[in-house]
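As a plain string of letters, each chain reads:
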Amino acid sequence: MNRFALLSLYRSLTRHKLYAALNVGGLAVGIAVFLVLALYVRFETGFETWLPRHDQVYLVQTEWHIPDSPFNGAFPNTMGGLLDQMREDFPGLVGTRIRGGEKGGSVLRGGGATTEDIAQVDPNFFRVFDLPMLSGRGDTALASPASALISETAARKYFGTSDPIGQTLTIAVDSPQVYRVAGVFRDLPQDTELQFSVLLPLPKTVPNPYWYHWGSTSISTYLRFATAADARSFAQKLPPFIDRRGFKDLGKDAHKTVNLTLLPIARQHLEPQGQQSASRKITVATLGIVGLLTLLIAIINYVNLATARAGLRAREVAIRKVLGADRGALIRQFLGEAVLMVAVAALGGLILAELGLPLVNAAGGLSLTIPYAEIVPALIGLTLLVGIVAGAYPALLLSSFPAASVLASARAPGGGRAGTRMRETLVVVQFGLAIAFMIGTFVLVAQTRHVRNADLGFRRDGLLLVTSLSDSNVTPAQAHAVLAAMRTLPGITAVGIANQMAGGSGTNNADNVPLPGKPGNGPSLRWIEAGQGFFDVYGTKPIAGRLFDDAHGSDDGTKRAKGVAENIVITRKAVATLGFRTPADAVGKTVGGSNPLTIIGVVPDLRFLSPRLPNDPTYYVYKRDLPSDPVASLRVSGDPRAILASVRTLWQQMVPQVPFDGDTADARLGRLYQADDRATRLFAIGAGLAVLIGCVGLWGLASFNTQRRVKEIGIRKTLGASSGDIVRLLIGQFLRPVMIANLLAWPLAFVAMRTWLAGFDDRVALSPLYFGAATLLAVAIAVLTVIGQSRRASRAAPAWAMRHE
Amino acid sequence: MIRLDSVQRRYVSEEVETTALYDVDLAVETGEFVAIMGPSGCGKSTLLNILGTVDRPTGGRYRFGEQELAALAEPALARFRAETLGFVFQSFNLIDELTVEENVALGLAYRGSRAQARRARVAEAMDRVGIAHRSRHYPHQLSGGQQQRAAIARAIVGDPKLILADEPTGNLDTENGAQVMNILAGLNEGGATIVMVTHSPSHADMAKRRIDMLDGRVIASALRAI
Ligand SMILES: Nc1ncnc2c1ncn2[C@@H]1O[C@H](COP(=O)(O)OP(=O)(O)O)[C@@H](O)[C@H]1O
Ligand SMILES: [Mg+2]
C-alpha cells in the first residue's frame, strides 16, 4: 500500500462515514463476542491445568450398571477404603483420597461455629496435588494427625495479620478436635473442581460403617501415573480386582454391577454424573459455536459491505489500472485495506470485550479476565486471518473490473450479476444464522421460564429448608428440641422432617422392589424416609388411600417387628412401575420380596431434584422419630426472610456447636436452575449481538443496494413510478433472501434445540410458535430496514437521482 | 400546451447559493419541436427537468394544458409522467440489469395496461427505432447509437404527449446522431411534441423553433424560416 492507496482509503471511509462505522463497528462487536466466548470456553475447558503435572492425575469413577436404577452411570466418588485395598494389591501405586470438601466441617470459636470447606486427605496428598505453598511444607505436614494446612484466605480469616504457623484451630468434621497449623497454601484458583480451604489428615479410622462396603460412594480417590500408558494398563487390571475384592458385597462378576474407571482430572469438570445429560459439555460447545458463528456473521458483514463499496470504487480502480497498477498491486492494496480495517475492528473488539466483561461475568456467574499476554498475539493472528479471509473476495472482485469499459462511460460497474448473487448468498447465510439464533433464544428463555414456574407438585413460595439438622454433630435430643421450638415460632405453620426436600438434600436412596409372582429383582425405585409433618408442609393430598398417620401405630417403620410388612406411600409414577393399573388398584397391595412393603396410599409426583433429572418412581417410608440424615422443611406465612432469620437465631442458641445452614426453597431450587439460567443469559447476549450485527449488515447492504440503484430508481420515476412502487420493488427483492434464510434456519434450529431440550426431563414442547415468531421478527426487521432505506431514496427528486452516478 | 410563468430554480446548499433559472417564461404549443441551446451550465437541463416534473421550480407557475402542475403532489406527478411524458437522456440511462425489450416495456410498467397489449406496443416501438433485432441484448452489449435508440423506444412506447430529450446526441458520433435526429423528426412529423436540448447547430436546425439560453435566462426565441 502506498501513500495514495491509504489516502484514497481514508477519503472513501470518511466520505461514507456511516458505512465505515457499520463495517468496522459490526466487526468489532463480532470480535468482542467471539473473544469473550472464547475466554469462557478456555476457562471451562482449562480446569485443573494450573496444577503441576495435572496430566498425570486421574480420578477414580464408580460406574453403576444396575437394571433400571436411577443411579446408573459414572460418579466421581468411590468407597472410602478403596485406596487401602488398591495399595495392598498394587504395591507402589501413588494415590490420595479427599473426604469432604465444600462445607465439609466447621471451625469452632468463641462458643460459635463457622462452616468451612474442610477436606481430609491422605498424608501423601502433595505427591498427587502439588499445591503451591506460601509458608510451611505441604508434603511433610500431613504426616502428623494433629496438623492442618490452611489457605491464604482462611489464614487471614482466622489469624488476621499474625503468623498462623504453630497456632491452633478447633475443627469439627465427625467430632471436634484441636489442630496445629503447619502451613499455608495459595488459594485455589477458580478453574478447579477441588474445593477446600482447610486440609486435615484423614483419620486412621473413619466413623462410617460403609467405609469398606463395595458399592458405597463417600469420598474421592485420585491416582497418579507417570504416563498415560501406565494408567491404561492399570485400568485393565481393575475388573479382576473388583471381582476379587467386591465379591463379598456384590456377588459374582462384581465389576458388571459396579465398575471403576479412570478419568483424567482435566476432564472432570465437564463430565456428566450418573444419569445427567452432558449438559455442561453441550453448554460449552454451544456457546463456543455461538462465538464462532457471531464472528462469521461479522465477517460476512464485512465482505458484503466491502464488496458493495467496491462497486462505488470501480472508477478509482479503473483509473489506477490505466495509470499502470497491475492486478497484484490492486489485490495487495485491497487486502492491505482489509487487514487495516480488521485491525481497527480488533482493537475496538478488545475494548468492547474489556468493557463488556463485567456484564458478562455478572450474567454468567463468571470471573473472566482478559489475559493480554496471550490475547494480543492471538488477536494479531486473528486480524491477519480475518483480514485475508474478509478481504480476499472484494480484492479479487475489485481488481478484476475491466478498466476500459468502466471508463468508457455510462456502463455502470458494480460487481455485475455474479457479485450480486454472491452478496445475496452471504445475506442468506447471515440472516439464516441470525434467525436460528433468535429461535434458540426464544426456546432457551421459554425453557428457563418454564423450569421456574413449572408445577413441582408443591408450592415453592413460603417454604424454608433447614439442612444443618443432618450434621452428625447434632445430637438426637438437640434435634427434637430444636424442631419442637421451631413449631412454636410465630409465622411457621408446619414443620416437616424427611431425608429429602425441595432442591434435593444430597441423600438419595434406591432399591429394587421384587413383584409378587414375577421373576427377577423387580423394578428399581427411589425411596424417601419421611418423618412427622412432611406431607403437611408440602401440601400433599392422597390420590388414593391415605397418608401416614400416627393413629396407625403400624405406619412407623422403626417400630416394626421383623418380617412384618412395612407401610409405604407411593407416587403416581410408581403405580405403573409396580404393575398396577390405577392408584386405587395399588392401595392395600403388598410388594417386595424378603422385605415386604404394603401400599397404604398414592400421592402425586413431587419434583425435588433438577429439572434435568428424570422424576423417578418413588415410595415413602415413615420414620416417626427421626429419619436418617434428616432435614427440616418449614411452611411459613409472612416474610420468609424474616422467619428464616428467627430460625437461625433459635438454632444458634440451641445448637451452638453446629453452624446453621438453611435457606428458602426458592433460593435452593434456584441453585438447580442457575447453570442453565447463566448459559441462557450468555447465549442470549451472544445471539442478541449476532442478530444485531446481522441487522446492521442488512441495513448497510440495503442502503448500498438502494444507492447503487439510485439511477434505476430515477429512471423508473421519470417513467412515472410512484414512491410506493419503488418501496415495493425494493422490499420484494430483499424479502427473497430473508425467506430463503428461514429455510436454512428452521432445520438448524430444530435439531440444535431438540438436542438442548433432550437434556431436560421437565421441558417445554418445541412449538412451531418459536419458529414463526423468529421468522416474523426477521421479516419485520428486513421490511423496516428496506422501507427506511428506500423511502429515502424514492423521495429523492428524480433529477438528482439521474445526475447521481 | 405548456406555459411557464417566471419560473425560478435556485439551489441552496450549505456554502453556496446557485440560481439555475431566473424568471423563465416559455410557451410550447402542441406539435412543436423546440431546440434549446446555450453554453454548458446555463440551465438547460434544469429547465428540461422542470418541464418533466422531475424537478420542482422554487418560484413561478407551470401549467400543462389546463393543469397547474406546481400544485400537484408527488403521486399525482408520477401518474402524470407515466401517462404524458417520454424522456431521452444524453447518457441513455438504460437499466443495466434489464434487456432492451424489458427496458422498453418499463415505459409501460407504470401505466397499468394489459400484458397482451403491452407486448404488441413494445414490439412496435422497437420496430420504429430499428432496435427490434437486439431486443434480448443487455445495454452493455450494444453500441451507443443502439442504446440511444432503445432509450427512445422506451420514451415513445406509451405514446407520450410530450417528449423531452436532453442532449440525445451528445454521446454519439455523427452518423448515429443523425439517425437519432431523423427518428425524432419523424416522431414530430407524426404529431409528437418535442423539447430537445442540444449543442449541435445542425441538429437544432432540424427543430421548428430554437430557444437560446444564457446564465439561467431565455435570451432569444426564433422560429425556423421555412
Ligand atoms: N443539484 C444542484 N445543486 C447545485 N447546483 C446545481 C445543481 N444542479 C445544477 N446546478 C447548477 O445549476 C446550473 C445549471 O445547471 P444545468 O441545468 O445542469 O446546466 P446545463 O445547461 O449544462 O444543463 C449550473 O450552474 C449547475 O452548477
Ligand atoms: Mg445539461
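Here we summarise the structure given alongside this text. The structure presented is a predicted model; accordingly, all values stated were derived computationally and were not measured.

About the criteria used
- Here the residue index of a chain counts from 1 through its sequence in written order.
- Going through the entries in the order they are written, you letter the chains from A and number the ligands from 1.
- It should be noted that, the model being predicted, local features are given only for residues of pLDDT at least 70 and side-chain atom pairs only at 80 or more, the latter also being counted only at that level, while totals for whole chains, interfaces and linings use all residues.
- In computing side-chain values, all of the structure's heavy atoms are included and hydrogens and water are not.
- Two strands make a pair as long as DSSP finds a minimum of two bridges between them.
- Helix numbering and strand numbering both begin at the N terminus, where a helix is a DSSP run of H or I of at least 4 residues and a strand a DSSP run of E of at least 2.
- Note on method: axes are straight lines fitted to C-alpha atoms, helices fitted across the in-contact stretch only, with angles between N-to-C directions ranging 0 to 180 degrees.
- Residue contacts are defined here by distance: any two heavy atoms, one from each residue, within 4.5 Å place the two residues in contact.
- Defined in terms of a 1.4 Å probe, buried area is the accessible area two parts forfeit on being brought together, summed over both.
- Basic side-chain nitrogens of Lys or Arg form a salt bridge, by our definition, when they fall within 4 Å of a carboxyl oxygen of Asp or Glu.
- In the analysis that follows, any N or O atom pair within 3.5 Å is treated as a polar contact, provided that within protein one partner can donate a hydrogen and the other can accept it, and provided that, for residues neighboring in sequence, both atoms belong to side chains.
- For this classification, the nonpolar set comprises Ala, Val, Leu, Ile, Met, Phe, Trp, Tyr, Cys and Pro, the charged set comprises Asp, Glu, Lys and Arg, and every other residue, Gly included, is treated as polar.
- The quantity called bend is, for any residue, the angle between two axes fitted respectively to the seven residues ending at it and the seven beginning at it.
- What sets the label is the angle itself: under 35 degrees gives roughly parallel, over 145 gives roughly antiparallel, 65 to 115 gives roughly perpendicular, and the rest give oblique.
- Only rings of Phe, Tyr and Trp enter the pairing, Trp through its six-membered ring, and a pair is recorded when the two centres are within 6.5 Å. The plane angle decides the type: under 30 degrees is stacked, over 60 is edge-to-face, the rest tilted.
- Each residue's exposure class comes from its accessible area (1.4 Å probe, protein chains only) as a fraction of the maximum for that residue type: buried when under 20%, exposed when over 50%, partly exposed otherwise.
- When the NZ atom of lysine or the CZ atom of arginine is within 6 Å of a ring's centre and also within 35 degrees of its normal, the charge is said to sit over that ring.
- For this description, a residue counts as near a given molecule or strand if any of its non-hydrogen atoms is within 4 Å of it.
- The Shrake-Rupley method, run with a 1.4 Å probe, gives the accessible areas here. Residue values count only the displayed protein chains as cover.

Moving on to the sheet that holds strand E3 (residues 33-37) of chain B. Residue and element names in this part refer to chain B. Pairing is mixed across the open sheet formed by six strands, whose spatial order is E6-E7-E8-E3-E9-E10. Both edges of this open sheet fall to strand E6 (85-88) and strand E10 (217-223), since each of them pairs with a single strand only. Across the sheet, the mean angle from the axis of one strand to that of its neighbour is 15°, orientation sign disregarded. Where E3 and strand E9 (residues 209-214) come together, four bridges link them in parallel fashion.

Our next topic: the interface of chain B and chain A. Taken together, the contacts link 25 residues of chain B with 21 residues of chain A. Both faces combined, the contact of chain B with chain A buries some 2,100 Å², and carbon together with sulfur accounts for 55% of it. The largest share of the area that chain B buries against chain A comes from Val54, Asn93 and Tyr110 of chain B, three residues that together contribute 27% of it. Where chain B touches chain A, the interface holds zero salt bridges. Counting every contact that joins chain B to chain A gives one residue pair in polar contact (both at pLDDT 80 or more). Breaking the side of chain B that touches chain A down by element, the ones donating at least two residues are helix H2 (74-84), helix H3 (100-109) and helix H5 (144-156) of chain B. A total of five residues in the side of chain B that touches chain A trace back to one element, the largest contributor, which is H2 of chain B. Counted by class, the side of chain B that touches chain A contains 12 nonpolar, six polar and seven charged residues.

Right, let's get into helix H10 (residues 327-364) of chain A. Of all the bends in H10 of chain A, the largest measures some 45° and sits at Gly356 of chain A, one to four residues before the proline Pro358 of chain A. Phi turns positive, to about 60°, at Gly365 of chain A, one or two residues after H10 of chain A.

Here Thr775 of chain A lies in helix H22 (residues 768-795). Each residue touching Thr775 of chain A, except ones within four places of it in the same chain, is listed here: Asn742 and Trp746 of chain A.

Geometrically, a packed helix pair is captured by the angle between its two axes and the distance between the axes. Residue and element names in this part refer to chain A. As a packed pair, helix H3 (residues 82-89) and helix H7 (residues 228-250) sit with axes 12 Å apart at the nearest point and diverge in direction by 110°. Between H3 and H7, the interaxial angle falls into the category roughly perpendicular. For the pair H3 and H7, contact is made by Leu82, Gln85, Met86, Glu88 and Asp89 and by Phe234, Leu238, Phe241, Arg244 and Arg245, respectively. For the contact of H3 with H7, the class distribution of residues is five nonpolar, one polar and four charged.

Here we come to the packing of aromatic side chains. Residue and element names in this part refer to chain A. Applying the stated criterion across every chain yields a total of 28 aromatic pairs over all chains. For the pair Phe458 and Phe608, a centre-to-centre distance of 5.9 Å together with 25° between the ring planes defines the contact as stacked. In this pair, Phe458 is assigned in the loop between helix H13 (416-453) and strand E12 (463-466) and Phe608 in the loop between strand E19 (597-603) and strand E20 (618-622), connecting sequence segments 150 residues apart. Accessibility expressed as a relative area gives 8% for Phe458, which makes it buried. Positioned over the ring face of Trp756 is Arg612, at 5.7 Å from the centre of the ring.

Let's shift gears to the environment of Lys208 of chain B. All names here are of chain B. Looking at where Lys208 falls in the secondary structure, it is placed in the loop between helix H7 (201-205) and E9. The partly exposed category is assigned to Lys208, whose relative accessible area is 37%. With 90 residues separating them along the chain, Lys208 and Arg118 place their C-alpha atoms 32 Å apart. Here Lys208 is in contact with Gly31, Phe33, Asn188, Ala222, Leu223 and Arg224, once residues within four sequence places are set aside.

Before going further, it helps to spend a moment on the sheet that holds strand E1 (residues 2-12) of chain B. All names here are of chain B. Pairing is antiparallel across the open sheet formed by four strands, whose spatial order is E2-E1-E4-E5. Of all the strands in the sheet, just strand E2 (17-28) and strand E5 (67-68) have a single pairing partner and so form its edges. Across two bridges, the pairing between strand E4 (residues 59-64) and E5 is antiparallel. The partner of Arg63 across the bridge, within E5, is Glu68. Packing of helix H1 (residues 44-51) onto the sheet brings it into contact with E1, E2 and E4, and relative to E1 it is tilted by some 120°.

As a further point, take the site of ligand 1. The environment of ligand 1 is made up of 11 residues, and the closest members are Gly41, Gly43, Lys44, Ser45 and Thr46 of chain B. More than one chain lines the surroundings of ligand 1; the residues nearby belong to chains A and B. For ligand 1, an oxygen atom lies 3.0 Å from a polar atom in the backbone of Gly43 of chain B. Here an oxygen atom of ligand 1 and a side-chain polar atom of Thr46 of chain B are 2.5 Å apart. Summarising the interface, the protein chains cover 70% of the accessible area of ligand 1, which totals 560 Å² for the free molecule. Put simply, the parts of the chain that give the shell around ligand 1 at least two residues each are E2 and H1 of chain B. Of all the elements, H1 of chain B adds the most residues to the shell around ligand 1, at three residues.

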